[in-house]
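# Working through the structure, step by step
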Amino acid sequence: MTTRRASASAGSNACARPTPTVRFDARTRDWYLGGRRRRYDGAGNVVVHVDDLAGCSASDLLRAMRRHHAYYGDGSTILVSEVHEGFFDEEDSVVGAVAFELHDNALSLDITLVVDDFDDEDELRGRLSSCLAPLLRRHRMMFQSAWQDPNYAAPPWPWHVRVAVNARGRDLADLFELGQDMAQLAEAMTDGQLTRATAGDLVRGGHAHLLIGQPEGHWLDVKSQHYDLAGDHGQISLAQAVARFCNAEAGGLVVVGMSSKKVPGGEEIRGLCPVPRDNRMVRRYQQTLERRLFPPPDDLTIEAIPMGEDMIMLIEVPPQPEELKPFLVHGAIVDGRIEGAFISIVRRRGESSIPITAPMIHSTLAAGRGLLRRGEIPSKGA
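Scoring rules and cut-offs
- Residue positions are given per chain, counting from 1 as you read along its sequence in written order.
- With pLDDT at 70 or above as the cut-off, local features in this predicted model cover only qualifying residues; side-chain atom pairs require 80 or more to be listed or tallied, and sums for whole chains, interfaces and linings still use all residues.
- Water and hydrogen atoms were dropped before computing side-chain values, which therefore reflect all heavy atoms in the structure.
- Confidence of the prediction at every residue is given by pLDDT, a number between 0 and 100.
- Contact between two residues is taken to exist if any of their heavy atoms lie within 4.5 Å; hydrogens are not considered.
- Pairing between strands requires that DSSP locate at least two bridges from one strand to the other.
- Each helix is a run of H or I in the DSSP string that is no shorter than four residues. Each strand is a run of E no shorter than two, and both are numbered from the N terminus.
- In this analysis an axis means a line fitted to C-alpha atoms, helices contributing only their contacting stretch, and an angle means the value between N-to-C directions, from 0 to 180 degrees.
- Any angle from 65 to 115 degrees is called roughly perpendicular, while one under 35 is roughly parallel, one over 145 is roughly antiparallel, and all others are oblique.
- Put simply, a crossing is left-handed when the front helix is turned counterclockwise from the back one by less than a right angle, and right-handed when it is turned clockwise.
- Each residue receives one of three labels: charged for Asp, Glu, Lys and Arg, nonpolar for Ala, Val, Leu, Ile, Met, Phe, Trp, Tyr, Cys and Pro, and polar for the others, Gly being one of them.
- Two rings belonging to Phe, Tyr or Trp (six-membered ring only in the last case) form a pair when the distance between their centres is within 6.5 Å. Interplanar angles under 30 degrees mark stacking, angles over 60 mark edge-to-face geometry, and anything in between is tilted.
- Relative accessibility decides the category of a residue: with a 1.4 Å probe and only protein chains considered, values under 20% of the type maximum give buried, values over 50% give exposed, and everything between is partly exposed.
- Two thresholds decide whether a charge sits over a ring: the Lys NZ or Arg CZ must be within 6 Å of the ring centre and within 35 degrees of the ring normal.

### Details of the confidence of the model for the protein chain
As a note on interpretation, predicted positions should not be read in detail where pLDDT is low. Residue-level pLDDT values for the protein chain average 84, and 83% of them are 70 or greater. Confidence drops under a pLDDT of 50 for residues 350-355, and excluding neighbours within four residues, the segment shows 17 contacts in the predicted structure.

### Let's talk about the sheet that holds strand 7 (residues 106-115)
Pairing within the open sheet is mixed, and its six strands lie in the order 4-5-6-7-9-8. In this open sheet, the two strands that pair with only one neighbour each are strand 4 (46-49) and strand 8 (141-148). Between one strand axis and the next, the sheet turns by 25° as a mean value, whatever way the strands run. Relative to the sheet, helix 4 (residues 172-189) contacts strand 5 (77-81), strand 6 (95-103), strand 7, strand 8 and strand 9 (157-165), its axis offset from that of strand 7 by approximately 30°.

### Structural notes on the sheet that holds strand 2 (residues 30-33)
Strand order in the open sheet made by the three strands is 1-2-3, with antiparallel pairing throughout. Every other strand in the sheet has two partners, leaving strand 1 (22-25) and strand 3 (36-38) as the edge strands with one partner each. In this sheet, adjacent strand axes meet at a mean angle of 25° when their direction is disregarded. Here strand 1 pairs with strand 2 via four bridges, running antiparallel. Paired with aspartate 25 across the strands is aspartate 30, a residue of strand 2. On the sheet, helix 2 (residues 58-72) packs against strand 1 and strand 2 and is oriented at approximately 15° with respect to strand 1.

### Some remarks on the packing of helix 3 (residues 121-138) against helix 4
The contact between helix 3 and helix 4 brings their axes to 10 Å, and the two run at 140°. The pairing of helix 3 with helix 4 is recorded here as oblique in orientation. Classified by chirality, the crossing of helix 4 by helix 3 is right-handed. Residues Arg127, Leu128, Cys131, Leu132, Leu135 and Leu136 of helix 3 form the contact with helix 4, whose participating residues are Asp181, Met182, Leu185, Ala186 and Met189. In terms of residue class, the contact of helix 3 with helix 4 is built from nine nonpolar, no polar and two charged.

### Some thoughts on the packing of aromatic side chains
For any pair of aromatic rings, the description consists of the separation of the ring centres together with the inter-plane angle of the planes. Applying the stated rule across the entire model yields four aromatic pairs. When the centroid spacing of 5.1 Å and the interplanar angle of 40° are considered together, the rings of phenylalanine 24 and tryptophan 31 count as tilted. Each member of the pair, phenylalanine 24 together with tryptophan 31, is buried. Seen from their ring centres, phenylalanine 24 and tyrosine 72 are 6.1 Å apart, and the 75° between their planes marks the pair as edge-to-face. A residue pair is termed long-range when its members are at least 10 positions apart, and phenylalanine 24 in strand 1 and tyrosine 72 in helix 2 qualify at 48 residues. Over the ring of tyrosine 32 we find arginine 23, and its NZ or CZ is 4.2 Å from the ring centre. Here the guanidinium or amino end of arginine 29 rests over the ring plane of tyrosine 72, the centre of that ring lying 4.2 Å away.

Right, here's the structure in full:
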């Protein structure tokens with residue numbers, strides 16, 4: 001008998017449901033995340049601290065939200081504060097741009113953006129949907145809607161983006177971080193398409209992964225590994241990659257540590273592959289360009305962006321003054337062979353590179369000689 005009771009007790013414990021990581025007490029209207037009790041702000045929203053999210057299940061949150069809705073007939077919004085824990089107060093804490101909501105009985109993320117100006121709501125809504133699409137596909141999420149906050153009558157305009165979330169197997173801290181990534185990417189693109197400047201800021205800020213799914217183009221080029229600067233081939237390849245953007249109108253970015261794949265119409269960025277961290281690489285890139293590229297580009301920057309134990313190299317080429325063009329590379333690669341005595345001139349067009357032709361070079365030299373003959377020397381920026 002004793003043995004049977006022990007077995008029955010063990011079986012009962014084995015069948016007991018684990019304590020939910022998120023729960024709602026309908027009697028007191030208190031919320032509990034990871035054992036911490038949280039309450040409402042003055043507007044009736046639940047305010048939690050960002051540290052509450054780690055280890056909390058999105059499925060548990062969804063069940064708690066449904067329980068709240070069943071008892072009180074309205075939805076519940078979970079706002080997240082990132083203030084220091086010592087200053088955290090549900091009623092007074094400043095909350096961030098990412099919140100959790102119950103919408104159509106499912107879990108969603110609500111992301112708040114600030115838009116300075118826009119001409120057409122439908123155009124901005126479509127722009128937000130398209131820019132977030134690659135990120136959402138990778139994480140099994142779906143764009144639902146975007147709308148302007150009706151409580152504001154003058155710019156800057158707050159906008160809300162709602163994203164549907166599959167709660168199964170998801171952690172709230174991970175979902176919150178993804179929401180922050182979406183906010184970062186959407187803010188970068190609300191004024192139009194992703195630009196050289198905004199893409200560079202994303203990489204510098206540790207958000208290079210947000211470029212995944214974006215196409216390479218006339219101002220963006222990615223490489224999966226370092227140029228082999230020990231030999232002429234790698235040195236010339238690096239100099240030509242930079243010269244292409246120097247000779248183009250908009251400048252460009254070279255990102256070393258990302259892979260791409262051919263797709264119909266060009267190349268698409270497919271993943272991160274950070275290169276081994278080496279504090280000497282920035283200087284080696286600089287020295288190679290000093291030897292191989294003429295004239296020296298204005299305001300070119302080369303940065304090593306840490307990523308854990310590895311890094312990503314970022315080369316940013318601002319638009320160059322016309323009087324410095326064309327930029328020349330000492331050396332050329334002809335049919336796979338290195339021609340060290342040659343000079344190559346290339347520029348970027350779309351996702352491909354084109355050589356500058358002999359007539360183009362001649363017209364540039366002839367125009368320069370004409371200006372000198374008349375005693376006219378163009379000023380920088382003319």
